[in-house]
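The chain contents come next:
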Amino acid sequence: MRQLRTYPVWDAGVRWFHWINVICVLGLVAVGVVILNDRALGVSNDGKVLLKTVHVWIGYVFALNLCWRLVWAFVGGAHSRWHELLPVGRGYPAALRRYVAALRAGEHPQYLGHNPLGRIAVAVLLFLLLAQAVTGLVLAGTDLFMPPFGASIANGIAAAGVDPRTLVPYAPEMYDKDAYAAMRAMRAPFVRIHGYGFYCLLFAIGAHIAAVVITEVRGGGNLVSAMFTGKKILRAPLSDQTKDASP
Ligand code: HEM
């Protein structure tokens, strides 16, 4: 019988990113669901502005944390870097085929970092998070005149004689009608992507949690606690398949 060994895998940068991201996404989803149902809930205009402002402030923390993770993928520990994160690299297609074949054969190969299927999930999650951050920042500017785009949006739509710095949301008398209509048309696709992104993200997060739980129950490796401690407890020695997964 093979022995178990403790391997340091997730560095502090990855762990902090992961849990700050979880907290932010939970907050953004919770406030987002209320914004989505504001009419049914009878929320006033002031209430909407408050909800959106809270959502945007959580969004700033979320977006900064995400930017930090993208930088960390260049400078962090071996398992935090792009070549271990994304489904790319010369060895990747073969590693994926072997992993899927092993699963079909009822085996559960263990990996130090992400398994080949996990890398696809990470790429999808990062893409969706990035799309939410970019579209959210545009909406923050076009809806609430908040940074980073708010000042230029306000400059573009302020009515003649109105100081753009004094613009407030839901005050059509302060806006130039045509410029406001053009701005609303420009923001429409961002609203749509942000909305669909929300549903896609809910689905992807559900799939991510299910995959982590199933992988841990079937193959071991204490995946959940490893995101707190940074350490995985795996069979020793690890199979060659684990090493082949990296390019
Ligand atoms: C995981 C990330 C995020 C999720 C799940 C999320 C979710 C949502 C949801 C469900 C809505 C309601 C959509 C609607 O009314 O049609 C919403 C609206 C909004 N979000 Fe986010 N959001 C995220 C990130 C962000 C970020 C990073 C920002 C900005 C910093 C942001 C800014 C906004 C704004 C301004 C609105 C109001 C848009 C409107 O006027 O309809 N969001 N978000």
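Here, every reference points to the structure presented above.
Here the residue numbers are simple positions, counted from 1 along each chain's written sequence. Confidence filtering applies because this is a predicted model: local features only for residues at pLDDT of at least 70, side-chain atom pairs given and counted only at 80 or more, and all residues used for totals across whole chains, interfaces and linings. The side-chain numbers reported here are obtained from all heavy atoms of the structure, hydrogens and water having been left aside.

Novice: What's the story with the coordination of the iron atom of the ligand in this structure? I'm lost.
Specialist: Working reference: metal with six octahedral donors, ideal angles 90 or 180 degrees; metal with four tetrahedral donors, ideal angle 109.5 degrees. Distances up to 2.8 Å from the metal define which N, O and S atoms are donors, and 3.2 Å serves for Na, K and Ca; water is absent from the atom set, so sites may look incomplete. Listed as protein donors to the iron atom of the ligand are His55 (NE2) and His194 (NE2); their distances from the metal cover 2.0 to 2.1 Å. Classification of the site at the iron atom of the ligand rests on its 6 donor atoms, whose angles at the metal span 87 to 180°, yielding the label octahedral. Of this pair, His55 sits in helix H2 (residues 45-75) while His194 is found in helix H7 (residues 177-219), placing the two residues 139 residues apart along the sequence. Under the scheme applied here, a residue whose accessible area is under 20% of the maximum for its type counts as buried, over 50% as exposed, and between as partly exposed, the area being computed with a 1.4 Å probe on protein chains only. Take His194: its relative accessible area is 18%, and that puts it in the buried class. Note on geometry labels: four donors, all angles 85 to 135 degrees, give tetrahedral; four donors become square planar and six octahedral when opposite donors are over 155 degrees apart and every other angle is between 65 and 115; remaining cases are irregular. Only DSSP runs of H or I reaching four residues or more are called helices, and only runs of E reaching two or more are called strands; each is numbered from the N terminus.

Novice: Sorry, what's going on with the side chain of Asp143 here?
Specialist: With respect to the helices and strands, Asp143 occurs in helix H5 (residues 116-144). Nitrogen and oxygen atoms within 3.5 Å of one another constitute a polar contact, given that in protein one can donate a hydrogen and the other can accept it, and given that sequence-neighbouring residues count only through two side-chain atoms. Looking at Asp143, its side chain comes within polar contact range of the side chain of Lys52, at 2.8 Å. Two residues qualify as a contact provided that any one of their heavy atoms is within 4.5 Å of a heavy atom in the partner residue. Ignoring anything within four residues of it in the chain, the contact list for Asp143 reads Lys52, Pro169, Arg184 and Arg187.

Novice: Looking at this structure, how should I read the site of the ligand?
Specialist: Any residue with a heavy atom positioned within 4 Å of a molecule or strand is treated as near that molecule or strand. Around the ligand lies a shell of 22 residues, among which Lys52, His55, Asp143, Arg187 and His194 are the nearest. Interatomic distance of 2.9 Å between a side-chain N/O atom of Lys52 and an oxygen atom of the ligand. Interatomic distance of 2.8 Å between a side-chain N/O atom of Asp143 and an oxygen atom of the ligand. In this analysis the probe radius is 1.4 Å and the grid spacing 1 Å, with only protein atoms considered; a cavity is a set of points the probe fits into but cannot get out of, a pocket is an open set with protein on both sides within 12 Å along at least five of seven lines, and lining residues have an atom within 4 Å of a point. Cavity and pocket membership follows a simple rule, namely that a molecule belongs there if more than half of its atoms are within 2 Å of the grid points. With respect to the pocket detection grid, the ligand is positioned in the second largest pocket. Of all the secondary structure elements, the ones that give two or more residues to the shell around the ligand are helix H1 (12-36), H2, H5 and H7. Sorting elements by how many residues they give to the shell around the ligand places H5 first, with 7 residues. Ten residue types, Ala, Val, Leu, Ile, Met, Phe, Trp, Tyr, Cys and Pro, are classed as nonpolar, four, Asp, Glu, Lys and Arg, as charged, and the remainder, Gly among them, as polar. Here the residues of the shell around the ligand sort into 13 nonpolar, 6 polar and 3 charged.

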